[in-house]
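# Examination of the molecular architecture
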Amino acid sequence: MKNERQSQLPTSAIAGQLRWRQPRNPSSYRGEGETVSASNFAHDEHGVIRVLSGATYADAFGNQWLRYRRTQLDSASGMPISLTRLKRCLGDEIWGTLPNVRVLEAGCGAGRFTEVLLSEGAHVVSVDLSEAVVANATNFPVDDRHLVVRADITDLPWEPGQFDVVVCLGVVQHTPDPRRTIAALAQHVRPGGWLVVDQYTDDKVGTYSLKPLYRAIIKRLPARWTLSLVQRLTHVLIPLHASCARNRLAWFALTRVSPLITYHRDIREFTDVQQFEWACLDSHDALTDWYKHPTNEAGMTDNLRNGGLSEIQVWSDGIGIEGRATLRTPVR
């Protein structure tokens, strides 16, 4: 009965094409001294391969993506917000190669970039540390071009050098050690492939506002409480944000003392519902992340070089610093 149930689960051809290995700290590994494959790990009803299970420092992120799983998809917003960001980070050279290449999406969330990558014809392996994998697999079901895995992006269950492109957007700053994270991801780039990342800068972490104080309190609350708390704060404060949006001085003062991140000035095309949902998502994200490591262009360049990468390109845009680099020789 168990084998029959497993045979009915969604599967991806990508799983059979990858060379698997046993990670250092798997939660669901079965088997000893045998060739490792996807079948050595637990699968759920969505077809998600669960290398890890249980609580992690990213649980709050998982809750927000499960609640607002479609909010940041371009197909839901009606605007090419994710497409524009991803295309800028990849650059024209990589963008033009996406059809049929294998992409590792490290820190996939609910799939705002998964949607774009799949629509461009890529074969995508979406990985997240949190239960966001369920939101991702619900939005974009597992099939022959899409595999979803719950795992630690610094301890992935594959042998090195198997991906044409490794994309990690909106994630590195939230990991315990960004330098180690970038080096670990670089291991999975095949020779001639690319690593594409971004990371906060100091001006994106609320240096001159009260947000770090709010975050110090809220991130220590149980993950099951934090989203409802931020939703209530948003209900109370978002009308004030809306009323101050056209007054530059009032907006500046409000954003120094309010815990919210809102888009009344940046994306005025949003409906009231979109303004609320994006505010809930990004405010919760900013107030509950256990780690928040900013960088600068020199720091990003150094971390990419430390990963054994070359042809490094780094610039300021988006959430802070964006960068890409290629692997010309295998990382040892």
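Every value quoted in this text rests on a predicted model; they were computed, and no experiment measured them.

The helix and strand tally for the chain stands at 13 helices and nine strands. Against the compact-globule benchmark of 20 Å for 332 residues, the chain has a radius of gyration of 20 Å, which places it among compact chains. Summarising the internal contacts of the chain: among those between residues at least 6 apart in sequence, 67% fall at separations of at least 24. Put simply, the chain shows about 14900 Å² of open surface, and 52% of that area lies on carbon and sulfur atoms.

Let us now look at the packing of helix H9 (residues 211-218) against helix H12 (residues 272-288). Here H9 crosses H12 at 75°, and the two axes come no closer than 7 Å. In terms of axis orientation, H9 runs roughly perpendicular to H12. Across the interface between the two elements, Lys211, Tyr214, Arg215 and Ile218 from H9 touch Ala286, Leu287 and Thr288 from H12. Of the residues in the contact of H9 with H12, the class split is four nonpolar, one polar and two charged.

Right, let's get into unusual backbone geometry. Unusually for a residue other than glycine, Asn100 sits at a positive phi of about 75°. Inspection of the secondary structure assignment puts Asn100 in the loop between helix H5 (81-95) and strand E3 (102-106).

Let us look at the confidence of the model for the chain. Segments scoring low in pLDDT should not have their predicted coordinates read at a detailed level. Predicted confidence across the chain gives a mean pLDDT of 93, with 94% of residues reaching 70 or more. A low-confidence stretch, residues 1-6 stays under pLDDT 50, and its non-local contacts, those more than four residues away or across chains, total one contact.

A surface patch of nonpolar side chains, about 350 Å² in accessible area, is lined by Leu210, Leu213, Ile217 and Val257. Here Leu210 shows up in the loop between strand E7 (189-200) and H9. Leu210 sits in the partly exposed class, given a relative accessible area of 36%.

Let us look at the pairing of strand E9 (residues 320-326). With seven of seven residues buried, E9 lies mostly within the body of the structure. Sheet topology note: the E7/E9 ladder contains seven bridges and is antiparallel. For Trp194, the partnering residue across the bridge sits in E9 and is Thr326. Alignment of strand E8 (residues 310-317) against E9, held across six bridges, turns out to be antiparallel. Within E9, the position partnered with Val314 by the bridge is Gly323. Counted between consecutive antiparallel strands, the loop separating E8 from E9 contains two residues, among which Gly318 sits at a positive phi close to 60°.

The contact between H5 and helix H6 (residues 112-119) brings their axes to 9 Å, and the two run at 50°. Between H5 and H6, the crossing angle belongs to the class labelled oblique. In this structure, the crossing between H5 and H6 has a hand that is right-handed. Contacts between H5 and H6 pair Ile81, Ser82, Leu83, Arg85, Leu86 and Trp95 from the former with Arg112, Phe113, Val116 and Leu117 from the latter. Residue composition of the contact of H5 with H6, by class: seven nonpolar, one polar and two charged.

Read across the sheet, nine strands follow the order E1-E2-E5-E4-E3-E6-E7-E9-E8 without closing on themselves; strand pairing throughout is mixed. The two strands at the open ends of the sheet, each matched to only one other strand, are strand E1 (42-43) and E8.

The geometry of two aromatic rings is summed up by the distance between their centres and the angle between their planes. Across all of its chains, the model carries six aromatic pairs by this definition. Residues Trp158 and Phe163 carry aromatic rings whose centres are separated by 5.8 Å and whose planes lie at 65° to one another, so their mutual orientation is edge-to-face. On the accessibility criterion, Trp158 (0% relative accessible area) is buried. Its relative accessible area of 0% is what places Phe163 among the buried residues. Seen in terms of ring centroids, Tyr263 and Trp278 are 5.9 Å apart; in terms of plane orientation they differ by 80°. Their pairing is edge-to-face.

Okay, helix H10 (residues 223-244) next. For H10, which comprises 22 residues, the first-to-last C-alpha distance of 31 Å matches the rise-based estimate of 32 Å (1.5 Å per residue) to within 8%. Along H10, the positions that sit buried rather than exposed are Thr226, Leu227, Val230, Gln231, Thr234, Ile238, His241 and Cys244. For H10, the secondary structure elements touched by its buried residues are helix H3 (59-67), H9, helix H11 (248-257) and H12.

Most often, soluble globular proteins keep nonpolar side chains buried together rather than apart. In this structure, Trp20, Val125, Trp158 and Leu195 are the most contacted members of the largest nonpolar core, which totals 38 residues. If sequence neighbours within four positions are ignored, Trp158 has contacts with Leu18, Arg19, Trp20, Arg21, Leu104, Val125, Val127, Val149, Phe163 and His188. Judged by nonpolar contacts, the second largest core, of 21 residues, contains Trp95, Val116, Leu118 and Trp194.

What counts and how
- Residues numbered from 1 in each chain as written.
- Predicted model: local features only at pLDDT ≥ 70, side-chain atom pairs only at ≥ 80, totals over all residues.
- Heavy atoms only, no water.
- Helix = DSSP H or I, 4+ residues; strand = E, 2+ residues; numbered from the N terminus.
- Rg over C-alpha atoms; globule rule 2.2 N^0.38 Å.
- Contact = heavy atoms within 4.5 Å.
- Areas by Shrake-Rupley, 256 points an atom, 1.4 Å probe, with all protein chains shown as cover.
- Axes fitted to C-alpha atoms, helices over the stretch in contact; angles between N-to-C directions.
- Parallel < 35°, antiparallel > 145°, perpendicular 65-115°, else oblique.
- Nonpolar A, V, L, I, M, F, W, Y, C, P; charged D, E, K, R; others polar.
- pLDDT = per-residue confidence, 0-100.
- Patch = residues over 30% accessible without salt bridge, like charges linked within 9 Å, V, L, I, M, F, W, Y side chains within 5 Å.
- Salt bridge = Lys/Arg side-chain N within 4 Å of Asp/Glu carboxyl O.
- Buried < 20%, exposed > 50% of the residue type's maximum accessible area, 1.4 Å probe, protein only.
- Pairing = 2+ DSSP bridges.
- Left-handed = near helix turned anticlockwise from the far one by under 90°.
- Phe/Tyr/Trp six-rings, centres within 6.5 Å; stacked < 30°, edge-to-face > 60°.
- Expected span 1.5 Å × (residues − 1).
- Core = buried A, V, L, I, M, F, W, Y, C linked by side-chain atoms within 4.5 Å.

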